[in-house]
Amino acid sequence: MKSLQLKAGIVSLLVFTVFMLVWHIATLPTKTASVNVSGMTAEQIEYQKMMGKDVGSQKTTGFPTPAQMLTTFAHQLSDPFYDNGPNDKGIAIQLGHSLVRVALGFLLACVVAVPFGFVIGMSPLLYKACDPFIQILKPISPLAWMPLALYTIKDSSISGVFVIFICSVWPMLLNTAFGVSTVKREWLNVAKTLEVSPLRKAFLVILPAAAPTIVTGMRISMGIAWLVIVAAEMLVGGTGIGYFVWNEWNNLSLTNVIFAIVLIGLVGMLLDLMFAKFQRWVTYVE
Amino acid sequence: MPKDLTSLFQQRASTPDAYNADKPLMLHCACGQAHSPEEHPSQAALSLEDTSRNFMEAAFVKALFPVDSVRRNFLRAVGANTARAAIASVMPLGAFEAMAQDKGSLEKKDLKIGFIAITCASPLIMADPLGFYRKEGLNVQLNKTAGWALIRDKMINKEHDASHFLSPMPIAMTMGLGSNQVGMNVASIQNTNGQAITLHVKHKDKRDPKQWKGFKFAVPFEYSMHNFLLRYYLAENGVNPDTDVQIRVTPPPEMVANLRAGNIDGFLGPDPFNQRAVYDEVGFIHILSKEIWDGHPCCAFGVSDEFIKQNPNTFAALYRAILTASYMASQSKDRELIAKIIAPIQYLNQPETVLAQVLTGKFADGLGGIKNVPDRANFDPVPWQSMAVWMLTQMKRWGYIKGDVNYKQIAEKVFLLTDAKKHMAEAGFKPPEGAYKKFKVMGKEFDPAKPDDYIKSFTINKMT
């Protein structure tokens with residue numbers, strides 16, 4: 001087991017090194033990129049300068065090299081908490097804004113999905129009746145909800161939260177309903193013979209029994225919420241990691257966009273790990 | 001106290017002197033009657049503060065002596081200086097003055113203003129770092145916004161108090177085109193010229209628009225000067241913009257990326273993205289929009305009817321700040337400085353050299369040459385109502401408006417020319433004359449008095 005993990009680690013490292021190497025080679029400066037000033041007229045030199053190609057100037061466009069990426073990482077992470085007014089904030093502040101939005105939308109989804117899922121899970125009739133609506137609403141893209149949300153809610157930041165809510169509510173709802181409806185008959189029968197009150201039955205029998213499925217739904221929902229936030233913030237603007245990506249795209253600064261992509265991936269992974277831990281905690285062995 | 005002191009100043013040509021026993025003290029508008037003509041020049045020399053102080057004292061004296069003959073007798077009896085001292089001792093005019101000037105008279109101090117990160121927004125952006133808003137007692141938060149549709153929505157939702165607009169947008173919103181009907185106004189034009197047609201470098205040899213059939217173009221918004229100018233230019237060259245080419249709405253920042261990817265062949269877009277396409281070596285500047293219509297308006301600074309009604313003083317203060325910034329931006333000597341000011345991440349987030357080339361008009365054209373067009377971008381704030389009429393003619397020509405249009409009524413409702421003139425005078429600039437300035441678009445004169453004849457004169461149109 002231990003040696004397998006070690007081997008996997010080594011292979012991961014190898015893949016990463018090869019990837020970086022390929023990247024490095026692919027972005028090696030071509031000959032045309034370096035400008036030879038000698039033999040040019042004054043106007044040609046000025047033209048080159050206007051194109052950002054004079055000596056010493058750093059053009060921010062073009063695909064960055066791994067070395068440039070490294071400096072960007074160092075630069076961004078060296079001061080993650082600066083705040084230069086509403087349109088320019090440090091990366092940690094942007095991430096914070098995104099996480100708060102995700103948390104709000106996700107909690108709202110939990111509050112709605114878990115009780116509602118419980119209800120339709122316990123009643124086959126309701127389950128069948130609600131199913132077509134859920135199936136239709138589930139695959140709608142977050143960006144499709146946005147105009148409708150903006151129009152009706154009339155507030156862009158609440159709209160962002162709403163979009164996260166509406167996109168992350170479905171997996172949780174379905175999983176809760178599924179988990180509740182598949183609780184073992186015998187356990188319910190035992191509860192019945194012991195004349196357990198319905199509320200007690202729900203909290204002490206069904207909830208623990210369905211918890212692993214519910215948490216799986218939550219984990220999927222969280223993944224979706226984190227996917228949605230970037231798109232929503234790119235659309236709404238203002239703050240957040242999605243806004244950061246959009247703002248750097250305005251400047252066609254791929255270095256910063258890639259930096260943000262890596263960061264989004266890392267945070268997404270951390271969120272997922274969190275729920276994995278939670279999932280392990282509620283799982284039981286029969 | 002009069003509710004709106006500043007507007008009262010405007011109505012008055014001379015300042016009242018409360019301590020002159022030989023003249024009636026008139027606080028209502030008495031311009032042209034109550035004073036001799038030689039008082040005018042001395043008025044011009046007075047600063048706004050002086051005028052304001054005189055006026056306040058006068059208002060106070062007027063309150064003390066409602067009957068003018070009593071005031072005159074009092075002054076004759078004790079002398080003007082004694083009266084001044086006596087009155088100052090009972091009424092601390094300094095505090096009184098501070099109270100009136102204290103921005104308590106502003107209905108709203110904290111304002112949110114939306115903008116799109118393009119050079120058109122220079123005046124309203126630079127007013128922040130240069131302190132023009134603060135000078136008026138306003139605490140402005142500038143919100144960079146992702147696209148024009150969102151600018152519209154955030155104004156309708158009142159998330160923004162005022163906004164950077166494409167100048168046809170308030171017209172469209174007021175008419176309820178493409179949105180709910182909301183009364184929106186153009187307080188001032190943000191910029192004139194400053195746009196360009198940029199083509200992909202692969203089209204270097206296709207400089208004649210007749211070769212452009214089948215091209216895909218991008219414009220920032222349907223209700224934009226970009227759309228109207230591109231359509232006009234194509235149609236004048238015999239290309240039907242509705243059937244011969246495709247025109248897509250694309251947010252400006254995405255124009256360069258789309259051009260690079262080959263999704264579009266060119267765009268008529270706002271700067272800095274034309275110059276940015278050159279800088280990124282994906283496009284070249286075919287023509288500047290100035291070559292289509294020299295002095296055309298582009299973006300506007302706008303507020304809603306409701307905002308003006310609820311916050312007249314704040315609106316006036318905002319107006320002064322914007323006009324001051326516009327005036328500064330229009331000075332060609334300050335352009336390099338402006339480029340530096342608006343380049344940082346929180347504003348345009350662009351390389352400074354790109355902005356400097358746009359604003360100074362000395363730029364690389366993408367074909368290896370350097371051009372020098374000092375008025376490539378300009379900032380003339382006057383919202384000429386004839387411009388609004390022209391926009392309406394084009395909206396009708398291309399089928400955005402169906403049926404009859406009351407051009408004058410809409411133009412005069414949306415384009416606040418009278419207010420602009422008033423506040424220009426207030427901020428110390430010389431307001432222009434007239435309301436329907438004539439102009440030429442591609443050599444063809446536009447007569448704002450005959451808009452329907454103008455539309456009929458075009459063979460390529462989309463009217464049913």
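Residues numbered from 1 in each chain as written. Chains lettered and ligands numbered in written order. Predicted model: local features only at pLDDT ≥ 70, side-chain atom pairs only at ≥ 80, totals over all residues.

**Details of the overall build of chain A**
Alright, step 1. Along the backbone of chain A there are 11 helices and 0 strands.
Alright, step 2. Here the C-alpha radius of gyration of chain A, 26 Å, is well above what a compact globule of 286 residues would show, namely 19 Å.
Alright, step 3. Along the first, second and third principal axes, the C-alpha set of chain A runs to 95 × 55 × 35 Å.
Alright, step 4. For chain A, the residues scored as buried account for 31% of the 286 residues in total.
Alright, step 5. Of all intrachain contacts in chain A linking residues separated by at least 6 positions in sequence, the fraction that spans at least 24 positions is 71%. (Helix = DSSP H or I, 4+ residues; strand = E, 2+ residues; numbered from the N terminus. Rg over C-alpha atoms; globule rule 2.2 N^0.38 Å. Buried ≥ 20, exposed ≤ 12 C-beta atoms within 10 Å, placed from the backbone. Contact = placed C-beta atoms within 7 Å.)

**Thoughts on the overall build of chain B**
Alright, step 1. When you go through chain B residue by residue, the secondary structure sums to 21 helices and 16 strands.
Alright, step 2. The proportion of buried residues among the 464 residues of chain B is 49%.
Alright, step 3. The contacts of chain B with a sequence gap of at least 6 include a subset with a gap of at least 24, amounting to 77%.

**So, unusual backbone geometry**
Residues and elements named next belong to chain B.
Alright, step 1. The residue after Asp 271, namely Pro 272, is reached through a cis peptide bond having omega 15°.
Alright, step 2. Structurally, the position occupied by Pro 272 is in the loop between β9 (266-270) and α13 (273-279).
Alright, step 3. Located in the positive-phi region is Lys 158, a residue other than glycine, with phi close to 65°.
Alright, step 4. Checked against the element boundaries, Lys 158 lands in the loop between α9 (148-156) and β3 (162-166).
Alright, step 5. Taking the C-beta count within 10 Å as the criterion, Lys 158 has 14 such neighbours and is therefore assigned partly exposed.
Alright, step 6. For Asn 193, which is not a glycine, the phi torsion comes out positive at approximately 55°.
Alright, step 7. Overall, the presence of 26 C-beta atoms within 10 Å leaves Asn 193 in the buried class.

**Some remarks on the interface of chain B and chain A**
Alright, step 1. The interface is formed by 28 residues belonging to chain B together with 28 residues belonging to chain A.
Alright, step 2. Take the side of chain B that touches chain A: its biggest share by element is 4 residues, from strand β2 (residues 139-144) of chain B.
Alright, step 3. Counted by class, the side of chain B that touches chain A contains 13 nonpolar, 10 polar and 5 charged residues. (Nonpolar A, V, L, I, M, F, W, Y, C, P; charged D, E, K, R; others polar.)

**Focus: the sheet that holds β9 of chain B**
Residues and elements named next belong to chain B.
Alright, step 1. With respect to topology, 5 strands assemble into an open sheet ordered β8-β7-β9-β6-β10, the strand pairing being mixed. The sheet is open, and its two edges are formed by β8 (246-249) and β10 (283-288), each paired on a single side. Averaged over all neighbouring strand pairs, the angle between strand axes comes to 25°, with direction disregarded.
Alright, step 2. Sheet analysis places strand β7 (residues 216-219) next to β9, joined by 2 bridges and oriented parallel. (Pairing = 2+ DSSP bridges. Axes fitted to C-alpha atoms, helices over the stretch in contact; angles between N-to-C directions.)

**Notes on the sheet that holds β2 of chain B**
Residues and elements named next belong to chain B.
Alright, step 1. The sheet built from 5 strands is open, its strands ordered β2-β1-β3-β11-β4 with mixed pairing. Only two strands of the sheet have a single partner each, and these edge strands are β2 and β4 (184-189). The mean inter-strand angle of the sheet, taken between neighbouring strand axes irrespective of direction, is 30°.
Alright, step 2. Pairing of β4 with strand β11 (residues 299-304) involves 5 bridges; the strand directions are antiparallel. Residue Val 186 lies in a different strand from β11, and its bridge partner there is Gly 302.

**Some thoughts on the packing of helix α6 (residues 142-153) of chain A against helix α9 (residues 198-236) of chain A**
Residues and elements named next belong to chain A.
Alright, step 1. It is at 10 Å that the axes of α6 and α9 come closest, and there the two elements cross at 40°. Put simply, α6 runs oblique to α9. Where α6 crosses over α9, the handedness of that crossing is right-handed. Residues Pro 142, Leu 143 and Met 146 of α6 lie in contact with α9, whose contacting residues are Val 228, Ala 231, Ala 232 and Leu 235. (Parallel < 35°, antiparallel > 145°, perpendicular 65-115°, else oblique. Left-handed = near helix turned anticlockwise from the far one by under 90°.)

**Digging into the nonpolar core**
Alright, step 1. If you look at the biggest cluster of nonpolar residues, it comprises 178 residues, and the most contacted ones within it are Val 163, Ile 164 and Ala 225 of chain A together with Phe 217 of chain B.
Alright, step 2. Among the elements that line this core, the one with the most residues is α9 of chain A, at 15 residues.
Alright, step 3. Counting the residues that make up this core, at least three belong to each of domain 2 (105-190 + 297-456) and domain 3 (195-291) of chain B.
Alright, step 4. For Phe 217 of chain B, the contacting residues outside a window of four places in its chain are Leu 230, Val 245, Gln 246, Ile 247, Ile 264, Asp 265, Gly 266, Phe 267 and Leu 268 of chain B. (Core = buried A, V, L, I, M, F, W, Y, C linked by C-beta atoms within 7 Å. Domains from an automatic or database assignment.)

**Focus on helix α7 (residues 156-181) of chain A**
Residue and element names in this part refer to chain A.
Alright, step 1. Between its first and last C-alpha, α7 extends 38 Å over 26 residues, near the 38 Å set by a 1.5 Å rise per residue.
Alright, step 2. Of all bends in α7, the biggest is about 35°, found at Val 169, and the proline Pro 171 comes one to four residues later.
Alright, step 3. Of all the 26 residues making up α7, 22 are buried; the element is thus mostly covered by neighbouring parts of the structure. (Expected span 1.5 Å × (residues − 1). Bend = angle between axes of the 7 residues up to and from the residue.)

**As for the environment of Val 257 of chain A**
All names here are of chain A.
Alright, step 1. Considering the arrangement of structural elements, one finds Val 257 in helix α11 (residues 254-282).
Alright, step 2. With 18 C-beta atoms counted inside 10 Å, the residue Val 257 sits in the partly exposed group.
Alright, step 3. Taking the C-alpha atoms as reference points, Val 257 and Cys 110, separated by 147 residues in sequence, lie 32 Å from one another.
Alright, step 4. Beyond its immediate sequence surroundings of up to four residues, Val 257 is in contact with Val 245, Glu 248 and Trp 249.

**Overview of α9 of chain A**
Residue and element names in this part refer to chain A.
Alright, step 1. For α9, with 39 residues, the first-to-last C-alpha span of 45 Å runs short of the 57 Å given by 1.5 Å per residue.
Alright, step 2. The sharpest bend along α9 reaches about 55° and sits at Ala 211, with the proline Pro 212 one to four residues further on.
Alright, step 3. Positioned one or two residues after α9, Gly 238 has a phi angle of 105°, which is positive.

**Comments concerning the confidence of the model for chain B**
Residues and elements named next belong to chain B.
Alright, step 1. On average, chain B scores 80 in pLDDT, and the residues at 70 or more come to 80%.
Alright, step 2. In the predicted structure, residues 1-15 sits below a pLDDT of 50 and forms 30 contacts with residues beyond four places in sequence or in another chain.
Alright, step 3. Here the predicted complex scores 0.74 on pTM and 0.71 on ipTM. (pLDDT = per-residue confidence, 0-100.)

**Quick notes on the environment of Asn 461 of chain B**
Residues and elements named next belong to chain B.
Alright, step 1. Structurally, Asn 461 is set in the segment after α21 (451-456).
Alright, step 2. In the structure, Asn 461 is positioned 226 residues away from Ala 235 in sequence and 8.2 Å away in space, judged by C-alpha atoms.
Alright, step 3. For Asn 461, the residues in contact, after removing those within four places along its chain, are Arg 397 and Ile 455.

**Digging into the packing of helix α15 (residues 312-330) of chain B against helix α20 (residues 417-426) of chain B**
All names here are of chain B.
Alright, step 1. Direction vectors running N to C along α15 and α20 enclose 70°, while the axes themselves pass 9 Å from each other. Between α15 and α20, the angle falls in the class roughly perpendicular. Contacts between α15 and α20 involve Ala 316, Tyr 319, Arg 320 and Leu 323 from the former and Asp 419, His 423, Met 424 and Glu 426 from the latter.
Alright, step 2. Grouping the constituent residues of the contact of α15 with α20 by class yields 4 nonpolar, 1 polar and 3 charged.

**What about the pairing of β3 of chain B?**
Residues and elements named next belong to chain B.
Alright, step 1. Most of β3 is tucked away, with 5 of its 5 residues classed as buried.
Alright, step 2. Because side chains alternate across β3, one face comprises the buried residues Ala 162, His 164 and Leu 166, and the other comprises Ser 163 and Phe 165, equally buried.
Alright, step 3. One ladder, built from 2 bridges, connects strand β1 (residues 110-115) with β3; its direction is parallel. Pairing of Ile 113 across the sheet is with Ala 162, part of β3.

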